[in-house]
Amino acid sequence: MSDVVPPEVRPKPAVPAKPPNVGAPSPSSPFPPQGPGIGGGGVSAPPPSSIPVPIGSHGPSHGGAHAVSHSVGHNAGHVGGHAAAAHTGGHAHVGSHNAGSGSTLLGYIGIDTIIEQMRKKTMKTGFDFNIMVVGHSGLGKSTLVNTLFKSQVSRRSAGWTRDDKIPKTVEIKAVSHVIEEGGVKMKLTVVDTPGFGDQINNDNCWEPISKYINEQYEKFLKEEVNITRKKRIPDTRVHCCLYFISPTGHSLRQLDVEFMKRLSHSVNIIPVIAKADTMTIEERQEFKQRVRKELEMGGIEFYPQKEFDDDMEDKSDNDKIREAMPFAVVGSDKEYQVNGKRVLGRKTAWGVVEVENPNHCEFAQLRDFLIRSHLQDLKEVTHNIHYETYRAKRLNENGGLHPISSNDTQESNL
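The structure presented is a predicted model; accordingly, all values stated were derived computationally and were not measured.

What counts, and where the lines are drawn
Residues numbered from 1 in each chain as written. Predicted model: local features only at pLDDT ≥ 70, side-chain atom pairs only at ≥ 80, totals over all residues. Heavy atoms only, no water. Helix = DSSP H or I, 4+ residues; strand = E, 2+ residues; numbered from the N terminus. Buried < 20%, exposed > 50% of the residue type's maximum accessible area, 1.4 Å probe, protein only. Contact = heavy atoms within 4.5 Å. Areas by Shrake-Rupley, 256 points an atom, 1.4 Å probe, with all protein chains shown as cover. Salt bridge = Lys/Arg side-chain N within 4 Å of Asp/Glu carboxyl O. Core = buried A, V, L, I, M, F, W, Y, C linked by side-chain atoms within 4.5 Å. Pairing = 2+ DSSP bridges. Axes fitted to C-alpha atoms, helices over the stretch in contact; angles between N-to-C directions. Parallel < 35°, antiparallel > 145°, perpendicular 65-115°, else oblique. Left-handed = near helix turned anticlockwise from the far one by under 90°. Nonpolar A, V, L, I, M, F, W, Y, C, P; charged D, E, K, R; others polar.

Considerations on the overall build of the chain
Looking only at helices and strands, the chain has eleven helices and nine strands in total. Taking all 414 residues of the chain together, 39% fall into the buried category. Counting contacts in the chain only where the partners sit at least 6 residues apart, residues at least 24 apart contribute 67% of the total. Here the chain has roughly 24400 Å² of accessible surface; of this, 52% comes from carbon and sulfur atoms.

Observations concerning the pattern of salt bridges
According to the stated counting rule, one finds 18 salt bridges in the structure shown. A salt bridge links Arg237 to Asp235, with the shortest nitrogen-to-oxygen separation between them at 2.8 Å. For Arg237, a relative accessible area of 4% puts it in the buried group. The buried category is assigned to Asp235, whose relative accessible area is 15%. Among the salt bridges present, the one from Asp277 reaches Arg346, with a minimum N-O distance of 3.0 Å. You can see Asp277 sitting in the loop between strand S5 (269–273) and helix H8 (281–297) and its partner Arg346 sitting in strand S8 (residues 341–348), a full 69 residues away along the chain. According to the relative accessible area criterion, Asp277 is partly exposed, its value standing at 26%.

Here's the deal with the nonpolar core
In terms of nonpolar packing, the biggest core is built from 75 residues, with Met132, Phe196, Ile209, Leu242, Phe259 and Ile270 touching the most fellow members. The biggest single contributor to this core is helix H6 (residues 207–225), with seven residues. If we skip the residues at most four places from it in the chain, Leu242 touches Ile131, Met132, Val133, Val134, Leu148, Ile270, Val272, Leu366 and Leu370.

Digging into the sheet that holds strand S3 (residues 184–192)
Spatially, the six strands line up as an open sheet ordered S2-S3-S1-S4-S5-S6, and their pairing is mixed. Two strands close off the open sheet at either side, each with one partner strand: strand S2 (173–181) and strand S6 (327–328). Pairing between S2 and S3: nine bridges, direction antiparallel. Its bridge partner lying in S3, Ile179 is registered against Met186.

Description of the pairing of S8
As judged from the four bridges shared by strand S7 (residues 335–338) and S8, these two strands associate in the antiparallel manner. Across the sheet, Val338 pairs through a bridge with Lys341, a residue of S8. Hairpin geometry of S7 and S8 is characterised by an intervening segment of two residues between the two adjacent antiparallel strands and by a positive phi of about 55° at Asn339. Sheet analysis places S8 next to strand S9 (residues 351–354), joined by four bridges and oriented antiparallel. Note on S9: the bridge partner recorded for Arg346 is Val353. Connecting S8 to the next strand, S9, in antiparallel fashion are two residues.

Observations concerning the packing of helix H5 (residues 141–149) against helix H10 (residues 363–373)
Axis separation between H5 and H10 bottoms out at 10 Å; the angle between their running directions is 70°. In terms of orientation, H5 and H10 fall into the roughly perpendicular class. H10 is crossed by H5, and the crossing has right-handed handedness. Contacts between H5 and H10 involve Leu144, Thr147, Leu148 and Phe149 on the former and, on the latter, Phe363, Leu366, Arg367, Leu370 and Ile371. Of the residues in the contact of H5 with H10, the class split is seven nonpolar, one polar and one charged.

Side note on unusual backbone geometry
For the bond running from Tyr303 to Pro304, omega is 0°, close enough to zero to count as cis. Here Pro304 shows up in the loop between H8 and helix H9 (312–324). Between Met325 and Pro326 the backbone carries a cis peptide bond, its omega angle lying at 0°. Although it is not a glycine, Asn204 adopts a positive phi angle of roughly 60°. Its location among the elements puts Asn204 in the loop between S3 and H6. Positive phi, normally seen in glycine, also occurs at Asn339, with a value near 55°. With respect to the secondary-structure elements, Asn339 resides in the loop between S7 and S8.

What follows is the structure in structure tokens.
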């Protein structure tokens, strides 16, 4: 390859030229980096004597061209840009910037309206939230759910009457309501489990509950794997399970441990201490510590699980919630006059236990955690973790990604 040297450039000793298809020299190349910016980028320029330079080029050397090219982008992907500059007279045109460095817009585009578009879309379709309450009779499950949503959304049970019969097995009763607040509509389904823990022999009393949870996963899976599926699949999966612990002040029952141990991997379990007004503040704190220790010893994971924390901010917030759980709560849908204000509470001979007063119970913390901060995360964990686990096992049993026949009524109890 002949060298063409401009008159103003002082010729240097000729050296063998590199093949034109090589973008960067090998580590054993004897030539030092050309220009102050090349050494930092780890790219060495070919010697000037091996590059044909047309007469009238801008500058006596290629150091300026490489410096300009390096100032445009700081990625390893710009090696080709440097090589192109060397073979076109020193002018490199780099077409992309580093994605991590960001760009400054010269005018308003409207990217920030994506959130508003999503809000309008979800406002039209609405939301689904399915909550299950589990615990033996008399712990105020229905009352607490009504207090959470400040509406009669759960089956009202005032105890067993003379004509009523205690169910021989655990029954599943689901009640759905559409509630609206601030223009936001949500279809709320409350799943009650009357008869749980009320029998003399409570062996395997959690099986009907486990079967119901898996049946909802199965319904969703059947709709999902169909060749022609609905635009919006109805979501009846249980997003949250409130497990009510009796305020004994001693320890968990064996039934409590077995239930949470068996179902903690298929549904989000949130343990709560019911009727906390029956204990003093000291008794309540000791009982909470004892419950947390027993759950840890039993290897029982309750929501929010540590492995689902996305970042340090979530971990910090969830650590505070985990330290406060199980929440000691009081539920009531009756109003009383206290200091000139109408409050929800339970009236006793010594005064009124205010449900929403953080000094009286932890109901306000439970509501904020369950509805105002983690409701969407409960749905995402249900879909991405619990449902995906069920789906993977179910499809492996079915032999792969094949549509499940609608005539297949066999339900899988995992």
